[in-house]
Amino acid sequence: MKIIILGAGQVGGTLAENLANEANDITVIDADSTRLRELQDRLDIRTVQGRGSYPTILRQAGADDADMLIAVTNSDEVNMVACQVASVLFKTPTKISRVRANAYLARKELFGEQGFPVDVLISPEHLVTRHITRLIEYPGALQVLEFSKGLVRLVAIRATKGGPLVGHELSYLRTHMPRIETRVAAIFRKDRPIIPQGDTVIEDGDEVFFIAGTDHIRSVMSELQPLEKPYKRIFVCGGGNIGQRLAHTLESRYQVKLLERDRERCVMLSESLRKTVVLEGNAANKDILLEENIENTDVFCAVTNDDEANIMASLLAKRLGARKVLTLINNPDYVDLIQGGDIDVAISPQQTTIGSLLTHVRRGDVVNVHSLRRGAAEAIEAIAHGDHRSSKVVGKRLDEIALPEGTTIGAIVRHNEVLIAHDHLRVQPDDHVILFLVDKSRIRDVERLFQVGLTFF
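Residues numbered from 1 in each chain as written. Predicted model: local features only at pLDDT ≥ 70, side-chain atom pairs only at ≥ 80, totals over all residues. Heavy atoms only, no water.

Caption draft 1: Quick look at the packing of aromatic side chains. All told, the structure shown has 4 aromatic pairs when counted by the stated rule. For the ring pair F188 and F209, a centre distance of 5.8 Å and an interplane angle of 70° mean the geometry is edge-to-face. Placement of F188 in strand β9 (residues 182–189) and of F209 in strand β11 (residues 207–213) is noted, with a sequence separation of 21 residues between them. By relative accessible area, which is 5% here, F188 ends up buried. Where F235 meets F300, the ring centres are 5.6 Å apart and the plane angle is 25°; that geometry is what we call stacked. Placement of F235 in strand β12 (residues 233–237) and of F300 in strand β15 (residues 299–302) is noted, with a sequence separation of 65 residues between them. You'll find F235 and F300 in the same group, each marked buried. Each member of the aromatic cluster is reached from another via a ring pair, and the members are F188, F209 and F436. (Phe/Tyr/Trp six-rings, centres within 6.5 Å; stacked < 30°, edge-to-face > 60°. Helix = DSSP H or I, 4+ residues; strand = E, 2+ residues; numbered from the N terminus. Buried < 20%, exposed > 50% of the residue type's maximum accessible area, 1.4 Å probe, protein only.)

Next up, the structure:
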């Protein structure tokens, strides 16, 4: 595909890297020549310096015959206008825009036939809020991903001593929980992927990805680590867009405190939030945290715009007794350094956003993409089309499908029924097939599996 990306920041750069590695024709536009040079040195892409909403710059980037425009600059206005220009002047088929301000997002009529011609709206703040909310709903999870409108979830969890399955073969799970359908899609042991077999033994410290119907998630989690008590008290550090959204989403079900250093912002937050206790102050101040009984806090979420401030506040909160610490990290180089020590989960907005963007780039009928383990692995939901003559998967048993190396099928959703993958299961037309890839470079092979041959037409 010929794709133009507006914005060479963290999201634009990570997206360009993902797409360039998959043999797409990528052009990145940005006003910052240094950032463009850095990308060009690393990736096989074209770059154009300039303002992405200007018609001349878009034409220079090849908008005349581009398949897709993805506008992810830091300016909502530039992104929206660029989609308008691409639609009116260049008839670009697909236009994706990142829009962060709630003032725009709240007015759905701004986007669509009568408004800005944006085909897909991406809101990183909304995606990150959902991601954190799911982690709070499932205490102990490292990542919780939804498929088929929430019917199926893929959960990453750290196996720890005390979990009944730890030290046993995977086949033990079926005898121990005969009524619960689940499948372990992948195991990462000391950062190396293991494709699970029935005789694979779960070890203490393994990062286990399993797939199950939403109703069974907590039961399966209890097999891999002692089940944590549900969370009650949440402390949010940072009252920006994400902090505000998070408090708004959580305050009806949890006791929420929100700490923000800017006085005016505090006043606005206290007026817009109903049950959240809004506090003014700096999270790096030990006295404030002690005063607010941080030792009784179940989850401390640091979500300011400053990585260093988030890390320091999280380390302090953990040392003072916070049970669980979730930390927002924009710099991808920091994520691997800090997760798993005093900081329980590091959240990368880029990786959370990338999955949403990749959904619209994948060939074949792919309806969900989730980037895992900082982009090394991927989980996708693809719809099977055609018949046994035109499709490489329809009509075949799962053990007959020639899956690329490192790829497993976790589940099939058929007419809103969740079928956990077993070898004897046959794929039918319109099945939603959920796959896990430990090697993302095989994504093209997976896409080809789900593309329909000419006989279908």
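Next comes the rest of the description.
Caption draft 2: Inspection of the pattern of salt bridges at higher detail. The tally for this structure, following the rule as stated, stands at 29 salt bridges. Ionic pairing is found between K257 and E292, a salt bridge with its closest N-O pair at 3.1 Å. One end of the pair, K257, is in strand β13 (residues 255–260); the other, E292, is in the loop between α11 (286–291) and β15, with 35 residues separating them in the sequence. A single network of salt bridges, built from pairs that share partners, joins R134, E137, E146, R153 and R253. (Salt bridge = Lys/Arg side-chain N within 4 Å of Asp/Glu carboxyl O.)

Caption draft 3: Main features of helix α8 (residues 217–224). I217, V220, M221, E223 and L224 are the residues of α8 that are buried. Projected down its long axis, α8 shows its buried positions confined to an angular sector of 150°, all on one face. Against β7 (141–147), β8 (152–158), α7 (171–176), β9 and β11 lie the buried residues of α8. (Arc of directions from axis to C-beta. Contact = heavy atoms within 4.5 Å.)

Caption draft 4: Quick look at the sheet that holds strand β21 (residues 417–420). The strand order across the open sheet built from 5 strands is β18-β19-β22-β20-β21, with neighbouring strands paired in antiparallel fashion. Strand pairing shows two members of the sheet lacking a second neighbour, β18 (366–372) and β21, which therefore form its edges. Each adjacent strand pair in this sheet contributes to an overall mean axis angle of 20°, direction not counted. Taken together, the 6 bridges between β18 and strand β19 (residues 377–383) define a ladder with antiparallel strand orientation. Within β19, the residue paired with S371 across the bridge is E378. Against the sheet, helix α14 (residues 349–359) makes contact with β18 and β19, and its axis sits at roughly 155° relative to β18, the strand it touches most. (Pairing = 2+ DSSP bridges. Axes fitted to C-alpha atoms, helices over the stretch in contact; angles between N-to-C directions.)

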